[in-house]
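Here are the chains, one letter per residue:
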Amino acid sequence: MLLGQALVWTATGTLHFSELPSLRLPATDTSYFNLALVGLNLVIALGMLLLRPWAWMAAMTVQGTSLGAGLWAYYLGSPDFLLMGTSVLVVLYLNLHEVRRPFGVEDLRLRWNAGQEEPDELL
Amino acid sequence: MNSSDGHADLVLLRRFEPQIRFNRGELFYPVDVDVFLIHTDLLLHRRGEDPTVLIPRPHATQEAIAGCDKDIYAGALHLRLVDRPLNTLQLVQFHARSDLREFRKGVTRHARVGLVARLLDVVFRISLLVRGRVPGGTAAAAAITYEAMRETAPSPVYYGRVERTHDYTSLQYWFFYAYNDYRSHFHGANDHEGDWEMVSVFLSHNEGGAPIPEWAAFAAHDGKGADLRRRWDDPELRKVGEHPIVYAGAGSHAAHFSPGEYIIRARIPLLARLERAIATVKSVWRTALRQGGTSRAERDGHLDVAFVDYARGDGRCIGPGTEIPWEARLLDEQPALVHYPGLWGRYLDDPIRGEDAPAGPRFNRDGSVRTAWYDPVGWSELTAEPSTSREIPAAQAELTRLNEEAAALGPRIARAEDEATRLGVRVAALRDGSPSSRHLDECEGRLAEARETVSRLRHSLSETELLARSIGTRVERLKQGDRGDPRAHLRRPDVPQQPSQLRLHRLAETWSAISAGLLLLVIGTVTIVYHAALLPFLLLFAAFLFVESLFHRRVAALVHGIVMTLALTALAVLAYEFWWQIAVALALGLGAAITWTNLRELTRR
């Protein structure tokens, strides 16, 4: 799915980071920026093929960034529903029990705190 | 009960009486109720009226208060220990010389829980202003009065009760404290005058009639159920000889099995419905949609206020093996403990009861009889657990019964099969050429019933055989002395926090202490400055959560939470924007699925 998403982003150029007024990156060429993100997605996809926990977390982060950008664009009146839809699907897929288990990320706190017990829930 | 029974009971109580280890800084220890009563008034509180003194101090005695019938007075009967709380100056003087100075709170409770729990704590504190609340300075005044009681009767007292059931002899040790200063002095949930706590030891008897200790159950914060008891061979139940060790919570006096600091969660009744709704959504999210991980925070998450119960056991110790022995009294010989239905301290009509004094060992606050009184074994869900001496005979009896059931099922199955065969023959004959379709329908109906009966009986036989096999295995294990896991009955036992959970930087503690109030202050400011604009609110909240996650080393969990929130928001946006397309797609999908299923069924024929 990540590879597919990377292809979609490359083909359509729908990553709106550089087009959002408040997130405008004046010194960055849009195509290079997009290319960098697509590259990042490919690295993450490779990590996911090797079942690396960091790859799962990085994939979630990228999707979160994409969702944030999509929602912000929607708020400003220039929505990209394809971007939002694919990101929602990827996030829900990554969050399935069956997907989290092989990555060893069933308990995020234990995974990234070397087994230390934590105080109660954050929220 | 005659005097020889009483003496025998007292000997039994003495043999297994607990040792209680208190926290440093504890001000109140178990006291003689006769001495306590001398320092109290008995009052009647009718709704909408000022309380009336029925028996002024020092005339309150056990006999006098036991004679007061709640029904006659039609109001709340209660004692009052403190009639004049200390003023500010007296309070300062008290704190300058009291044992409280020995108490060290360690990591603050705010640093041990999440942001929502801290925000709810603000609500809880505010609720104290509108609920009934024990006035400030009462705890200190009670401590001074308690010191006077100790001068009169220095020995700590327990009131013992022995109840014999079919399988167990239950020894109940009731301890009375003049005051619960959990909120005032130990940052806890509540304060109230008078505090009853109870420890139970359950005995069985061997063939010679000698008592065998089987279980111990400690009451903690009005709890009941299997989590309150430990089997005698459970390592968590610490003992000095035959005496269980109890670690009492500072101020609350709740009994714990292990020393340490416990997080106690107080539910807010008003939020119960919301909490149930959240639990339902979480359940659907996890089971139907198969989303999320396995961490406790993701599974549970309660809307409650957290407090710390300090039960370190580093203070005074009372009981066997210490320098301070118990003075044992039989509870049944104390008229007030058996018959007085009122409260053992101040009544404030608190809607959630936390600040009202408790009733005695026999009664609940509402006048009903306590479960621990009328069903001492069932109170800790021990009814279905046979004692050691009856475990093997009970299992063998059940095994015999199951084998008999299985044996009886054989002929029944044979008869049912004969009946099914007979009906099958009839149906076949009728299908071949009966003029009466009604008769065929009737026979087919009876045949279906007969087939169902055979299936049900065979299923029952299979289950019975499996159960008998399991019980047989258990009997063999029991004969070899293997009683199984002593903690198998525990569902969610209280466990103290681990030292690793309590290592927090001073900065993190400070943040935890101020963040909830600061968040509310900043939200107020942002509302004024930005006129409740959405983005500043979101950024502010995200910044708070980020700092919070840094201090608690949970950045990964925070990122995951934010991503899931964004995904659900985006999903809601998509559903809003494309609702009719989604509805059409669902209808088309449903139609296609139904068509496909029906076509498959058609082609199979």
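Rules used throughout
Residues numbered from 1 in each chain as written. Chains lettered and ligands numbered in written order. Predicted model: local features only at pLDDT ≥ 70, side-chain atom pairs only at ≥ 80, totals over all residues. Heavy atoms only, no water. Axes fitted to C-alpha atoms, helices over the stretch in contact; angles between N-to-C directions. Helix = DSSP H or I, 4+ residues; strand = E, 2+ residues; numbered from the N terminus. Parallel < 35°, antiparallel > 145°, perpendicular 65-115°, else oblique. Contact = heavy atoms within 4.5 Å. Nonpolar A, V, L, I, M, F, W, Y, C, P; charged D, E, K, R; others polar. Pairing = 2+ DSSP bridges. Core = buried A, V, L, I, M, F, W, Y, C linked by side-chain atoms within 4.5 Å. Buried < 20%, exposed > 50% of the residue type's maximum accessible area, 1.4 Å probe, protein only. Domains from an automatic or database assignment. Salt bridge = Lys/Arg side-chain N within 4 Å of Asp/Glu carboxyl O. Left-handed = near helix turned anticlockwise from the far one by under 90°. Phe/Tyr/Trp six-rings, centres within 6.5 Å; stacked < 30°, edge-to-face > 60°.

J.: Can you help me understand the packing of helix α16 (residues 506–530) of chain B against helix α17 (residues 534–551) of chain B in this one?
T.: The packing of two helices is summarised by the inter-axis angle and the distance between the axes. Residue and element names in this part refer to chain B. Two elements in contact, α16 and α17, have axes whose closest approach is 10 Å; the angle formed by their N-to-C orientations is 175°. Looking at the two axes, α16 sits roughly antiparallel to α17. For the pair formed by α16 and α17, the contact residues are Leu507, Ala508, Trp511, Ser515, Leu518, Leu519, Val522, Ile523, Val526, Thr527 and Tyr530 on the first element and Pro536, Phe537, Leu540, Phe541, Phe544, Val547, Glu548 and Phe551 on the second. Of the residues that constitute the contact of α16 with α17, the class distribution is 16 nonpolar, 2 polar and 1 charged.

J.: Could you clarify how one ought to interpret the sheet that holds strand β2 (residues 41–45) of chain B in this entry?
T.: Sheet strands pair by backbone hydrogen bonding; their relative direction is either parallel or antiparallel. All names here are of chain B. The 3 strands lie next to each other as β3-β2-β4, forming an open sheet whose pairing is antiparallel. Each of the sheet's edge strands pairs with one partner strand only, and the pair in question is β3 (52–55) and β4 (76–80). Within this sheet the neighbouring strands show an average axis-to-axis angle of 40°, counted without direction. In the sheet, β2 pairs with β3 via 3 bridges, with the strands oriented antiparallel. Opposite leucine 43, over in β3, you have valine 53 as the bridge partner.

J.: Explanation requested: the sheet that holds strand β16 (residues 327–330) of chain B in the structure shown.
T.: Residue and element names in this part refer to chain B. The strand order across the open sheet formed by 6 strands is β9-β8-β7-β6-β5-β16, and the pairing between neighbours is mixed. If you trace the sheet from one side to the other, it starts and ends with β9 (229–231) and β16, each paired once. With direction set aside, neighbouring strand axes in the sheet form an average angle of 30°. With 7 bridges joining them, strand β7 (residues 192–205) and strand β8 (residues 211–218) adopt antiparallel strand pairing. Looking at the pairing, valine 201 lines up with alanine 216 of β8. Each of β6 (169–180) and β7 touches helix α8 (residues 138–152); the most contacted strand, β6, lies at about 115° to it.

J.: Before we go on, may I ask you to explain the nonpolar core in this structure?
T.: Within soluble globular proteins, side chains that are nonpolar generally end up buried alongside one another. Formed by 102 residues in total, the largest nonpolar core has its most connected members in Phe36, Ile65, Leu171, Tyr173 and Trp344 of chain B. Ranked by the residues each element gives to this core, the list is headed by β6 of chain B, at 8 residues. Setting aside anything within four residues of it in sequence, one finds phenylalanine 36 of chain B in contact with Val31, Leu79, Leu81, Met149, Phe176, Ala178 and Trp344 of chain B. One finds Met48, Ala55 and Val62 of chain A together with Ala556 of chain B within the second-largest nonpolar core, a separate group that totals 26 residues.

J.: Explain the pairing of β4 of chain B to me, please; I cannot follow it from the model alone.
T.: On a regular strand, one side chain projects to one face of the sheet and the next to the other, so that they alternate. Residues and elements named next belong to chain B. The buried count for β4 comes to 4 of 5 residues, which makes it a mostly enclosed element. Note that β2 and β4 share 5 bridges and pair antiparallel. From the neighbouring strand, histidine 45 faces β4, where its bridge partner is alanine 76.

J.: In this structure, what is going on with the domain arrangement of chain B? I would like to understand it.
T.: As a measure of interface size, the accessible area lost when the parts come together is often cited. Taken domain by domain, chain B comprises domain 1 (389–479) and domain 2 (504–581). Once you take the C-alpha centre of each, domain 1 of chain B and domain 2 of chain B turn out to be 61 Å apart.

J.: Where do I start with the pairing of strand β5 (residues 157–164) of chain B in this structure?
T.: Residues and elements named next belong to chain B. By the criterion of burial, β5 is predominantly enclosed, with 6 of the 8 residues buried. Strand direction decides the pairing type here: β5 and β16, joined by 4 bridges, are parallel. In the sheet register, glycine 160 faces β16, and the bridge partner there is leucine 330. When β5 meets β6, the two strands line up antiparallel, connected through 6 bridges. Following the sheet pairing, glutamate 163 is matched in β6 by serine 170. Hairpin connection, β5 to β6: the antiparallel pair is bridged by 4 residues.

J.: What am I meant to see in the pattern of salt bridges here?
T.: Once the charged atoms of two side chains with opposite charge are near each other, the side chains can pair. Residue and element names in this part refer to chain B. Applying the stated criterion across every chain, the model contains 29 salt bridges over all chains. For arginine 15, the salt bridge is made with glutamate 242, and the minimal N-O distance between the two is 2.9 Å. Here arginine 15 is found in helix α1 (residues 3–16), whereas its partner glutamate 242 is found in the loop between β10 (239–240) and β11 (243–248), with 227 residues between them in sequence. The shortest N-O distance in the salt bridge between glutamate 417 and arginine 458 comes to 2.8 Å. You can see glutamate 417 sitting in helix α14 (residues 388–433) and its partner arginine 458 sitting in helix α15 (residues 437–479), a full 41 residues away along the chain. Given a relative accessible area of 29%, glutamate 417 falls into the partly exposed group.

J.: What is the right way to read the packing of helix α7 (residues 115–130) of chain B against α16 of chain B from this model?
T.: Residue and element names in this part refer to chain B. One can describe the packing of α7 onto α16 by two numbers: an axis separation of 9 Å at closest approach and a directional angle of 65°. If you check the angle between α7 and α16, you find them roughly perpendicular. Every pair of crossing elements has a handedness; the one defined by α7 and α16 is right-handed. Where α7 approaches α16, its residues Leu115, Arg118, Leu119 and Val122 are matched on the opposing element by Trp511, Ser512, Ser515, Ala516, Leu519 and Leu520. Its residues placed into classes, the contact of α7 with α16 shows 7 nonpolar, 2 polar and 1 charged.

J.: What is the right way to look at the packing of aromatic side chains in this model?
T.: A ring pair, where both rings are aromatic, is described by two values, the distance of the centres and the angle of the planes. What the rule picks out here adds up to 23 aromatic pairs over all chains. Here the aromatic rings of tryptophan 72 of chain A and tyrosine 75 of chain A are separated by 5.3 Å at their centres, their planes lie at 25°, and the arrangement is stacked. Placement of the pair is tryptophan 72 of chain A and tyrosine 75 of chain A together in helix α3 (residues 53–75), with a separation of 3 residues, close to one helical turn. Residues tyrosine 159 of chain B and tryptophan 196 of chain B carry aromatic rings whose centres are separated by 6.3 Å and whose planes lie at 65° to one another, so their mutual orientation is edge-to-face. Separated by 37 residues along the polypeptide, tyrosine 159 of chain B in strand β5 and tryptophan 196 of chain B in strand β7 bring together distant segments of the chain.

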